[in-house]
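What the coordinates show
Single-letter residue listing:
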Amino acid sequence: MERSNPSCPAHGPGIDPACLIGRRLVQLVASWHVHDGRRSDAPVDVWLIDDQGASTRIMNGTDWCLVVETSLPYEGYDMGDWGRIDVLPVRDETPLASHVGDTVLGVREEWEPRTGRMVSAGSCG
């Protein structure tokens, strides 16, 4: 798909998620905010690890755009009074978990003129 606006105003273009087509998802890793002993309902970051050893991070940017970039999972860290960030393999906590072992068959990007990339959806088989 040709991009009408190739970059997010705050985060740049990121990678083209079409590079994931044909790769098999072998692991998911996510970072979670933990505060007062409670983990956030949604992950902060998610990394897709594929059968070629590539690690693709997906996350919401501060302007709510979708950030897609090549990045290894980072180590968890303590934020003092604000809690901590734990980085762990994903089991069933995200919709992507059910696709571990599947091959990415296609992706689609949608753009919003003010913020750039908003949605990247994939199909797996």
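Just above, that's the structure.
The notes below deal with the structure included here. (Residues numbered from 1 in each chain as written. Predicted model: local features only at pLDDT ≥ 70, side-chain atom pairs only at ≥ 80, totals over all residues. Heavy atoms only, no water.)

A look at the overall build of the protein chain
A count of helices and strands for the protein chain gives zero helices and nine strands. When the helices and strands of the protein chain are placed in sequence order, the string is β-β-β-β-β-β-β-β-β. Nonlocal contacts in the protein chain, meaning residues at least 24 apart in sequence, comprise 56% of its contacts between residues at least 6 apart. Carbon and sulfur atoms form 53% of the exposed surface of the protein chain, whose accessible area is close to 7,600 Å². (Helix = DSSP H or I, 4+ residues; strand = E, 2+ residues; numbered from the N terminus. Contact = heavy atoms within 4.5 Å. Areas by Shrake-Rupley, 256 points an atom, 1.4 Å probe, with all protein chains shown as cover.)

A word on the packing of aromatic side chains
We describe a pair of aromatic rings using the distance from one ring centre to the other and the angle between the two ring planes. Taken as a whole and assessed by the stated rule, the structure comprises two aromatic pairs. Where Trp-47 meets Tyr-74, the ring centres are 5.0 Å apart and the plane angle is 85°; that geometry is what we call edge-to-face. Here Trp-47 is found in strand 3 (residues 45-50), whereas its partner Tyr-74 is found in the loop between strand 5 (66-70) and strand 6 (77-78), with 27 residues between them in sequence. Geometrically, the ring pair formed by Tyr-74 and Tyr-77 is tilted, given 6.1 Å between the ring centres and 50° between the ring planes. According to the relative accessible area criterion, Tyr-74 is partly exposed, its value standing at 25%. (Phe/Tyr/Trp six-rings, centres within 6.5 Å; stacked < 30°, edge-to-face > 60°. Buried < 20%, exposed > 50% of the residue type's maximum accessible area, 1.4 Å probe, protein only.)

Things to note about the nonpolar core
Within the largest apolar cluster, 10 residues are counted, these being Leu-20, Leu-25, Leu-28, Ala-30, Trp-32, Val-46, Leu-48, Val-90, Ala-97 and Val-104. Mapped onto this core, the elements with two or more residues apiece are strand 1 (25-35) and strand 3. The greatest single-element share of this core, amounting to four residues, is contributed by strand 1. (Core = buried A, V, L, I, M, F, W, Y, C linked by side-chain atoms within 4.5 Å.)

Description of the pairing of strand 4 (residues 55-60)
Both strand 3 and strand 4 contribute to a ladder of five bridges, which runs antiparallel. Looking at the pairing, Ile-49 lines up with Ser-55 of strand 4. Joining the antiparallel neighbours strand 3 and strand 4 is a turn of four residues, in which Gly-53 adopts a positive phi near 85°. Direction of pairing for strand 4 relative to strand 5: antiparallel, over a ladder of five bridges. Along strand 5, the bridge assignment pairs Arg-57 with Glu-69. (Pairing = 2+ DSSP bridges.)

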